[in-house]
Each structure stands twice: as structure tokens, then as C-alpha cells.
Amino acid sequence: MNTLRVVIVDDEPLALDRMTALLGEVEGVEILAAPSNGPDALRSIRELGPDLAILDVEMPKLDGFDIVEALLHHPAEGGSKPPLFCFVTAYPQFAPQAFDQGAIDFLCKPVRLPRLKQAIERARAGVEGREAAQRMRDLASQLDELRHKRASGEERSIWVPSRGEMVRLAISRLHWIKAEGEYVRLHAGETSFLHRSSISSFCSELETEGIVQVHRSYAVNRAHLRAIRSSRQGMKVVLEDSTELPVGRNFRKKVQELASKEGQDARPSRGSHEPA
């Protein structure tokens, strides 16, 4: 078995550590580099010439699609073969059906070892059985379609564990989020789910979906926000289901700007709790 040389890219440290650990359980895989941003990823791919690049779709500045596009237009010097690309995302709607060729795969977070092994085997077959130029032509023809899927306005969702299985949770269902160590508790109506992520990373990733951090331990979905109240004791937000959450001192300005943006007025209220 030939060793498959891999570069993995993700801006979330926990996701990067998890992928590194999973690949460590796959026979015949060598991790060349594990950059945490797009520019470093481009440099690593061009300099190291991996067989496979596993790219997170959603990253600031240069995302996974941008990296592929940059390599398509400006390949590595010296004529080294381009790698295969495997995309990884928390949003399954970006996804899988369009990528049924051995030249590319698409993994949904949280990535599971059996599915990763399948992607690795597809990559081995692609490396052994296809010419680099053809791989890039195939990928180029699919890239626009993938970008269109991302920009089409389809509702975003994430996969979360529930009673021994993974279920899809639409972001629109989220009401509020609470930090619990290395996890966040996602409250969707009367149901809650535990998701492995820091609250800051979770909010940063879903900021465009209306998820706003209001406290070091709490975040809310702007779509379910009913009121923002201020008193001498502090500030708090009130959701449609009457849940009240404190606003941390460091987040008050952001919440006030949110109130202005949404056309809501902060109003006095007695009995509010002092934010932590």
C-alpha cells in the first residue's frame, strides 16, 4: 500500500485536532501539514505537493472553495501534480450528491472514522487511476455548482448527537445557546442538544445566520429575539418563549447596536440579574 500524503485545513482547533486523530487511525496516511487558515494552506499545498487536501469549506478570508480556485488558476511551480480535494463542512446542503467521482469527496461534520476511511480509499483510487489534469478539469466544472449551492439561500443546518444517533438540526430552530466546557448546549424549543464547539467559535461560524453572542456563556438566535431590556442591575435579552438571558458587560455595545439595527428599543425593567 502506497502512503497517501495529506494536508488538512480547518480554522477550528478542535476540528483540526479531531481530524488529525482520526487520520492517525487510518493505515497508510502521512499528514504533511495541518494549517489553520487559507493562506497557510495554499503555501503548504504548493510547497509540499500532497496527494490529498482535506479542506474546511467555511473559513475566514480564504475558504475551501477559494483555495481550490487559487490553485486552479495559479498551480504550484515546478509542474507538481495537483492534489485531490475533499471538502468538510457542518452544512450538509453544500453537498454530497454532486460529488460522486473519485476525484473529490465531501464529508459532513462531525466526521466519523468509517466515512473518513471511505474518503481515503476513494482518494487512493483517484491518485492511482486518474491523471492530474483530468482531476482538475472535473473539479473546475463542479466548483461553480458548489458555490451556487452555498449562495442559493438553502437553510443551513448542523448534525448533532441525539439518543445514540446523529440528527440534522436547522439553525432556524435554535433559540439560544449556553456554553458547557468544550461543548455548547443548543436549545431548540423544549429540546436541547450538546454540540462539541466553543461558544465563540460556534457564534463566529454562524454569525451570518443570526447567531449572536451576548455573554461569555450565552448566545441567541436574532430571529427569536423579542426584547432587549436595561435596568440599573444590567442588561438582558428576552426571547419569544420568554427565556431571559443576561448580557455581559463586554457584549453590551454589540447588543445595543443589534437593537438599533433591528429597530428595537431597549426599555427599563426591574428585577434583572447582574451579568457575569
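All of these numbers come straight from a predicted model, not from anything done at the bench.

Some words on the confidence of the model for the chain
Reasoning step 1: Looking at the chain, pLDDT values average 79 and 76% of them are 70 or higher.
Reasoning step 2: Every residue in residues 96–103 scores below 50 in pLDDT, and together they form 23 contacts with partners more than four places removed in sequence or on other chains.

Some remarks on the layout of surface pockets
Reasoning step 1: Approximately 600 Å³ is the volume attributed to the largest pocket.
Reasoning step 2: What lines the largest pocket is a set of 35 residues, among which Ala-15, Arg-18, Lys-109, Pro-110 and Arg-196 lie closest to the centre.
Reasoning step 3: Contributions of two or more residues to the lining of the largest pocket are made by strand S1 (4–9), helix H1 (13–23), strand S3 (52–56), strand S6 (157–162), strand S10 (191–196) and helix H6 (199–205).
Reasoning step 4: Broken down by element, the lining of the largest pocket gets its largest block of residues, 7 residues, from H1.
Reasoning step 5: A breakdown of the residues in the lining of the largest pocket according to their chemical character gives 23 nonpolar, 4 polar and 8 charged.

A look at the nonpolar core
Reasoning step 1: Counting 21 residues, the largest nonpolar core has Val-6, Met-19, Leu-23, Leu-52, Ile-54, Leu-116 and Ile-120 as its most contacted members.
Reasoning step 2: Those elements giving two or more residues to this core turn out to be S1, H1, S3, strand S4 (84–89) and helix H4 (113–129).
Reasoning step 3: Examining the composition of this core, we find that 5 residues originate from one element, H4, more than from any other.
Reasoning step 4: In terms of nonpolar packing, the next biggest core, distinct from the first, is built from 18 residues, Ile-67, Ala-70, Phe-85 and Phe-106 among them.

Conventions used here
Residues numbered from 1 in each chain as written. Predicted model: local features only at pLDDT ≥ 70, side-chain atom pairs only at ≥ 80, totals over all residues. Heavy atoms only, no water. pLDDT = per-residue confidence, 0-100. Contact = heavy atoms within 4.5 Å. 1 Å grid on protein atoms, 1.4 Å probe; cavity = no way out; pocket = protein on both sides within 12 Å on 5 of 7 lines; lining within 4 Å. Points joined across faces, edges and corners; volume = space filled by probe spheres on them. Helix = DSSP H or I, 4+ residues; strand = E, 2+ residues; numbered from the N terminus. Nonpolar A, V, L, I, M, F, W, Y, C, P; charged D, E, K, R; others polar. Core = buried A, V, L, I, M, F, W, Y, C linked by side-chain atoms within 4.5 Å. Buried < 20%, exposed > 50% of the residue type's maximum accessible area, 1.4 Å probe, protein only.

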